[in-house]
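What follows is the residue order along each chain.
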Amino acid sequence: MDQQTPSPAAQPGAEHLVCARCGAVSQGIPPTWTCSVENGSRHYFCDDCSRANLRAIEGRLDSPWW
């Protein structure tokens, strides 16, 4: 199994997170962003991307699908 090492920005405790979809950068750790684990890697999505793709996220579809 190929394990991917998450970037430092994608690790818990990072000072800034980067949205995996649009590239938005957070100031601190926003409690309203969505975290998804796909193929063993954490992906964070900003409020706007999370809202726009809520049904796909709830359906547990991997982010490349949406």
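Model, not experiment: these values are computed from the prediction.

Colleague: It is not clear to me how the overall build of the protein chain should be interpreted in this structure. Could you clarify?
Modeller: When its secondary structure is counted, the protein chain shows two helices and two strands. What you see in the protein chain, going N to C, is helices and strands ordered as β-β-α-α. A separation of at least 24 residues holds for 30% of the contacts in the protein chain among residues at least 6 apart in sequence. Element-wise, carbon and sulfur atoms account for 50% of the exposed surface of the protein chain, whose accessible area totals about 4800 Å².

Colleague: Would you mind showing me how to read unusual backbone geometry here?
Modeller: Excluding glycine, residues mostly carry a negative phi; peptide bonds, for their part, are mostly trans. Of note in the backbone geometry, Asn39 takes a positive phi value of approximately 55° without being a glycine. Within the secondary structure, Asn39 sits in the loop between β1 (34-38) and β2 (41-45).

Colleague: It is not clear to me how the environment of Arg42 should be interpreted in this structure. Could you clarify?
Modeller: Inspection of the secondary structure puts Arg42 in strand β2. On the basis of relative accessibility, which here comes to 37%, the residue Arg42 falls in the partly exposed class. Residues Arg42 and Ala20 lie 22 residues apart in sequence; the distance between their C-alpha atoms is 9.4 Å.

Colleague: Any chance you could explain the pairing of β1 here in plain terms?
Modeller: As judged from the five bridges shared by β1 and β2, these two strands associate in the antiparallel manner. Of the residues in β2, the one forming a bridge with Thr34 is Phe45.

Colleague: I keep staring at the side chain of Ser26 and nothing clicks. Help me out?
Modeller: Residue position: Ser26 is located in the segment before β1. A polar contact is formed between the side chain of Ser26 and the backbone nitrogen of Leu17, at a distance of 2.8 Å. Leaving out residues up to four positions away in the same chain, Ser26 has contacts with His16, Leu17 and Trp33.

How each quantity is defined
Here, residues in each chain are numbered from 1, in the same order as that chain's written sequence. The model is predicted, so local features are restricted to residues of pLDDT at least 70 and side-chain atom pairs to those at 80 or more, both for listing and for counting; the totals for chains, interfaces and linings are taken over all residues. By convention in this description, side-chain values take in all heavy atoms of the structure and omit both hydrogens and water. Only DSSP runs of H or I with at least four residues qualify as helices, and only runs of E with at least two residues qualify as strands; both kinds are numbered from the N terminus onward. Contact criterion: two residues are considered in contact whenever any of their non-hydrogen atoms come within 4.5 Å of each other. To measure how exposed things are, a 1.4 Å probe is used in the Shrake-Rupley method; for residues, cover is taken only from the protein chains shown. Think of it in three bands: with a 1.4 Å probe and only protein chains considered, a residue is buried below 20% of the maximum accessible area for its type, exposed above 50%, and partly exposed in between. Two strands pair if DSSP finds at least two bridges between them. Whenever two N or O atoms come within 3.5 Å, that pair is a polar contact, provided that in protein one can donate a hydrogen and the other can accept it, and provided that, for residues adjacent in sequence, both atoms are side-chain atoms.

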